[in-house]
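The chain contents come next:
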Amino acid sequence: MRRLSVASIAAVSAVALTQVALAADMPVKAPAYKAPIAAPYYDWSEFYVGGHVGYIWGRTRVEEDGVVTEPNASTDGVIGGALAGYNW
């Protein structure tokens, strides 16, 4: 009985190893390529409106005709702007 089980295990192992070797020799399927999807066209021709705002701080030295009038003048304040246009 023991010889039969050892023989059957050897036979199953031989078949399994053979199948793995055959699988490595199978031809490779060519990849299926799809056509690339075209990006949607976007038109940038429109009106636009924008703005910006900020704050500036610092110190400066004010001179008039070579004479220092304010040695440590404050330059703090709000700064900003707006813009509008049309892209054609």
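Whatever comes next refers back to the structure up there.
Draft legend 1. Region of the structure containing the overall build of the protein chain. Scanning the protein chain from N- to C-terminus turns up one helix and four strands. Among the 88 residues that make up the protein chain, the fraction classed as buried is 2%. The contacts of the protein chain with a sequence gap of at least 6 include a subset with a gap of at least 24, amounting to 49%. Put simply, the protein chain shows about 8,800 Å² of open surface, and 64% of that area lies on carbon and sulfur atoms.

Draft legend 2. Spotlight on the pairing of strand β2 (residues 59–64). For β2, a buried count of zero out of six residues is recorded, marking the element as mostly open to its surroundings. Looking at chain direction, β2 and strand β3 (residues 67–74) are connected through five bridges and run antiparallel. Paired with Thr60 across the two strands is Ala73, which belongs to β3. Counted between consecutive antiparallel strands, the loop separating β2 from β3 contains two residues, among which Asp65 sits at a positive phi close to 55°.

Draft legend 3. Spotlight on the packing of aromatic side chains. Throughout the structure, instances matching the rule amount to two aromatic pairs. Considering the side-chain rings of Phe47 and Tyr86, the 4.7 Å spacing of their centres and the 55° angle between planes classify their relative orientation as tilted. On the criterion of sequence distance, the pair formed by Phe47 in strand β1 (residues 47–56) and Tyr86 in strand β4 (residues 77–86) is long-range, its members being 39 residues apart. Residue class for Phe47 comes out exposed when judged on its relative accessible area of 71%.

Draft legend 4. Quick peek at the pattern of salt bridges. Going through the model one piece at a time under the given rule, you end up with one salt bridge. Where Glu63 meets Arg61, a salt bridge forms, and the shortest distance between an N and an O atom there is 2.9 Å. Exposure remark for Glu63: the relative accessible area of 43% places this residue in the partly exposed category.

Draft legend 5. Geometry of the environment of Val49. The residue Val49 is located in strand β1 in this model. Residue Val49 is classed as exposed on the basis of its relative accessible area of 73%. Taking the C-alpha atoms as reference points, Val49 and Gly85, 36 residues apart in sequence, are found 6.7 Å from one another. Once residues within four sequence positions are removed from consideration, Val49 is found in contact with Leu83 and Ala84.

Draft legend 6. Unusual backbone geometry, seen in detail. Although it is not a glycine, Asp65 sits at a positive phi angle of roughly 55°. With respect to the helices, strands and loops of the structure, Asp65 is situated in the loop between β2 and β3. According to the relative accessible area criterion, Asp65 is exposed, its value standing at 83%.

What counts and how
Residues numbered from 1 in each chain as written. Predicted model: local features only at pLDDT ≥ 70, side-chain atom pairs only at ≥ 80, totals over all residues. Heavy atoms only, no water. Helix = DSSP H or I, 4+ residues; strand = E, 2+ residues; numbered from the N terminus. Buried < 20%, exposed > 50% of the residue type's maximum accessible area, 1.4 Å probe, protein only. Contact = heavy atoms within 4.5 Å. Areas by Shrake-Rupley, 256 points an atom, 1.4 Å probe, with all protein chains shown as cover. Pairing = 2+ DSSP bridges. Phe/Tyr/Trp six-rings, centres within 6.5 Å; stacked < 30°, edge-to-face > 60°. Salt bridge = Lys/Arg side-chain N within 4 Å of Asp/Glu carboxyl O.

Nothing here speaks to function; it is all geometry.
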